[in-house]
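Structural characterization, general
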Amino acid sequence: MSLTLDDFDYLLPPELIAQAPLPERSASRLLVVTPAPGTEPLLADASIADLPALVRPGDLLVFNDTRVIHARLHGVKDSGGQVEVLIERAVGPHEALAQVRASKSPKTGSRLRLAEAFDVEVLGRVGEFYHLHFPAGENLFTLLERHGKLPLPPYIQRAAGDADESRYQTVFARDPGSVAAPTAGLHFDEALLSRLAERGANCAWLTLHVGAGTFQPVRVDDLGEHRMHRERYVIPQETVDAIAATRTAGGRVIAVGTTSLRALEAAAQDGALEAGSSETEIFILPGFRFQVVDALITNFHLPKSTLLMLVSAFAGMDTIRRAYAHAIARRYRFFSYGDAMFLTRKNETEDDAL
């Protein structure tokens, strides 16, 4: 299948881009999408609060417990020019890769004064990112928490406020390292988690730290030439064991968010799912053979994005086209603070029509 960027485009009215969360996490709408080979997919309008009725006893929901860091910093160069720094990911207790916006690119060996509080040294470039060295006297995340700002996505056209400090984190966020929230998890509160447990569903956890590269546009028309950004993940042995037990009992593995799915499928690329820590550049396009995940809870994704390509691979390109057209017609809210979908994986023998 020869795919181009235009195969994953759609027109979205800008007023459907959610600029703030709803008052209640579980108040968002949920579009239930079930592929139906040979006919149109089944589309049902529901809400996140209906999720316990959609899961079965013995199903396993896998959540990403990453925590969003205060990754955005403002400062000045040695020359006095203004800079904006967005951490991509930590590469040590005092080093990070970052996007740096400035009128002129900072040179290797130069220093940046950030937040009027501390200096970082520019060690060089790693692809499109800058390698920065932070002061050795304090942990990187501690510095960022004190002096940085929460990095809301670029399509949210306002600065982060006090409410975002809690609402742009999941209620189960534990391990700091992401510069963007695993947004499907934002819909879950303690009451919903309790109802899922009462239903007989089980929960498991992994960590994938979302990098700033998740917002970078695909810059090539031939998708075979695109290279994904790297993201670090950790899958505990307990999660691998829970997935194996779910399979044995006939339950489904439901990934909560594309980050959970990416970690699980990356860890199973060489065969059986393995616990441990690694980095992934996995690029999931239609034609990908999924090894682990049976169903996916995910928000709506940007046109021409790698995540739209991922859900198209999972549920089928035609199914996703119809689902997005339905969501736009029904005025669903899009992207990080928006509504969600419950996707069932398409049959691997089903062919997509371009």
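Placed above this text is the structure.
Presented here is a report on the structure given in the accompanying data block. (Residues numbered from 1 in each chain as written. Predicted model: local features only at pLDDT ≥ 70, side-chain atom pairs only at ≥ 80, totals over all residues. Heavy atoms only, no water.)

**A closer look at helix H4 (residues 190-199)**
Burial in H4 covers these residues: Leu 192, Leu 193 and Leu 196. With its buried residues spanning 100 degrees around the axis, H4 presents them on a single face. Turned more than 90 degrees away from the buried face of H4 sit Glu 190, Ala 191, Ala 197 and Glu 198, all of them exposed. Residue Gly 200 follows H4 closely and has a positive phi angle near 105 degrees. (Buried < 20%, exposed > 50% of the residue type's maximum accessible area, 1.4 Å probe, protein only. Helix = DSSP H or I, 4+ residues; strand = E, 2+ residues; numbered from the N terminus. Arc of directions from axis to C-beta.)

**What to know about the nonpolar core**
If you look at the biggest cluster of nonpolar residues, it comprises 70 residues, and the most contacted ones within it are Leu 264 and Phe 334. The element best represented in this core is helix H7 (residues 306-315), accounting for seven residues. If near-sequence neighbours (up to four positions away) are discounted, Phe 334 is found in contact with Tyr 10, Leu 12, Leu 16, Ile 17, Ala 18, Phe 300, Tyr 324, Ala 327 and Ile 328. Val 83, Leu 112, Val 120 and Leu 140 belong to the second-largest nonpolar core, a separate cluster that totals 23 residues. (Core = buried A, V, L, I, M, F, W, Y, C linked by side-chain atoms within 4.5 Å. Contact = heavy atoms within 4.5 Å.)

**Re empty space enclosed by the protein**
Tallied over the entire structure, the rule returns three cavities of 30 Å³ or more. Approximately 90 Å³ is the volume attributed to the largest cavity. Around the largest cavity, the lining is made up of 14 residues, and of these Pro 21, Ser 28, Arg 167, His 187 and Tyr 337 lie nearest the centre. Residue classes in the lining of the largest cavity are distributed as four nonpolar, six polar and four charged. (1 Å grid on protein atoms, 1.4 Å probe; cavity = no way out; pocket = protein on both sides within 12 Å on 5 of 7 lines; lining within 4 Å. Points joined across faces, edges and corners; volume = space filled by probe spheres on them. Nonpolar A, V, L, I, M, F, W, Y, C, P; charged D, E, K, R; others polar.)

**As for the packing of aromatic side chains**
To describe a pair of aromatic rings, you give the distance between the ring centres and the angle between the ring planes. Considering all chains together, one arrives at 16 aromatic pairs under this definition. Taking the centre distance of 4.8 Å and the plane angle of 70 degrees together, the rings of Phe 288 and Phe 290 count as edge-to-face. A residue is classified by how much of its surface remains accessible, and Phe 290, at 5% relative accessible area, is buried. Taken together, a centroid distance of 5.2 Å and an interplanar angle of 75 degrees make the contact between Phe 300 and Tyr 324 edge-to-face. With Phe 300 in the loop between strand E16 (295-299) and H7 and Tyr 324 in helix H8 (residues 317-329), this residue pair connects regions lying 24 residues apart in the sequence. Over the ring of Tyr 332 we find Arg 29; its NZ or CZ atom is 3.9 Å from the centre of that ring. Above the ring of Trp 205, the side-chain terminus of Arg 174 is found at 4.9 Å from the ring centroid. (Phe/Tyr/Trp six-rings, centres within 6.5 Å; stacked < 30°, edge-to-face > 60°. Lys NZ or Arg CZ within 6 Å of the ring centre and 35° of its normal.)

Function cannot be read off these values alone, since they describe shape.
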